[in-house]
Amino acid sequence: MNKEELKQILPHRDNMLLIEEAEVEDGVAYGKYSVKGDEWFLKGHFPGKPVVPGVILCEMMAQSTCVLLQGKMEDGMTPFFTGLKEVKFKNPVIPGDTFETECELVKEKAPFYFAKGKGYAGGKLCVKAEFSFALIKEE
């Protein structure tokens, strides 16, 4: 899926759509984002040595996981990030890196969905976490 296709699933726009492509293969969501160096989240984090903030890496994993929720969403539903735990940061992600996510659903009890994910850059594990979502229908 490209960015335009992702917009059909994700409510994020402009600066907050943080993945450029995603696909599902054998129940695993794979997402990608190429860090250019001029992103808003790098300004001030850190001057002279930019590093993608950990919370942004977690958001990228969450957004790529939402492609797994596509078949579970009815019209008017929005996936809301509801929890994050067991987060471990292993290596930094910097400009020039392509951050690649690998996420899967591990449990569901509608409207809640639980997942785990890992993020890599250059083949190195950068982050891993468990997270959850709620699919909320707009009224």
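Here's a quick rundown of the structure. (Residues numbered from 1 in each chain as written. Predicted model: local features only at pLDDT ≥ 70, side-chain atom pairs only at ≥ 80, totals over all residues. Heavy atoms only, no water.)

### Considering the environment of Tyr-113
For Tyr-113, the position within the fold is in strand 5 (residues 112-121). For Tyr-113, a relative accessible area of 6% gives the class buried. Separated by 31 residues in sequence, Tyr-113 and Thr-82 place their C-alpha atoms 9.3 Å apart. (Helix = DSSP H or I, 4+ residues; strand = E, 2+ residues; numbered from the N terminus. Buried < 20%, exposed > 50% of the residue type's maximum accessible area, 1.4 Å probe, protein only.)

### Some details on a positive patch on the surface
A contiguous patch of positive charge on the surface is contributed by Lys-88, Lys-90, Lys-116, Lys-118 and Lys-128. Along the chain, Lys-128 falls in strand 6 (residues 124-137). Accessibility expressed as a relative area gives 33% for Lys-128, which makes it partly exposed. (Patch = residues over 30% accessible without salt bridge, like charges linked within 9 Å, V, L, I, M, F, W, Y side chains within 5 Å. Areas by Shrake-Rupley, 256 points an atom, 1.4 Å probe, with all protein chains shown as cover. Salt bridge = Lys/Arg side-chain N within 4 Å of Asp/Glu carboxyl O. Lys, Arg positive; Asp, Glu negative; His and termini not counted. Charge placed at Lys NZ, Arg CZ, Asp CG, Glu CD.)

### Section: the nonpolar core
By size, the foremost hydrophobic cluster in this structure holds 36 residues, and its most contacted members are Phe-41, Val-52, Met-60, Met-61, Val-93 and Phe-99. Those elements that place two or more of their residues in this core are strand 2 (28-34), helix 2 (54-65), strand 4 (98-109), strand 5 and strand 6. Ignoring any residue separated from it by four or fewer positions in sequence, one finds Phe-99 in contact with Gly-31, Lys-32, Tyr-33, Leu-57, Met-60, Met-61, Val-93, Gly-119, Tyr-120, Cys-126 and Val-127. (Core = buried A, V, L, I, M, F, W, Y, C linked by side-chain atoms within 4.5 Å. Contact = heavy atoms within 4.5 Å.)

### Here we look at the pairing of strand 4
The pairing of strand 2 with strand 4 spans 6 bridges and is classified as antiparallel. Bridge pairing links Gly-31 to Thr-101 in strand 4. Direction of pairing for strand 4 relative to strand 5: antiparallel, over a ladder of 10 bridges. Looking across to strand 5, one finds that Glu-100 is bridged to Tyr-120. Once strand 4 ends, the chain turns through 2 residues before running back antiparallel as strand 5. (Pairing = 2+ DSSP bridges.)

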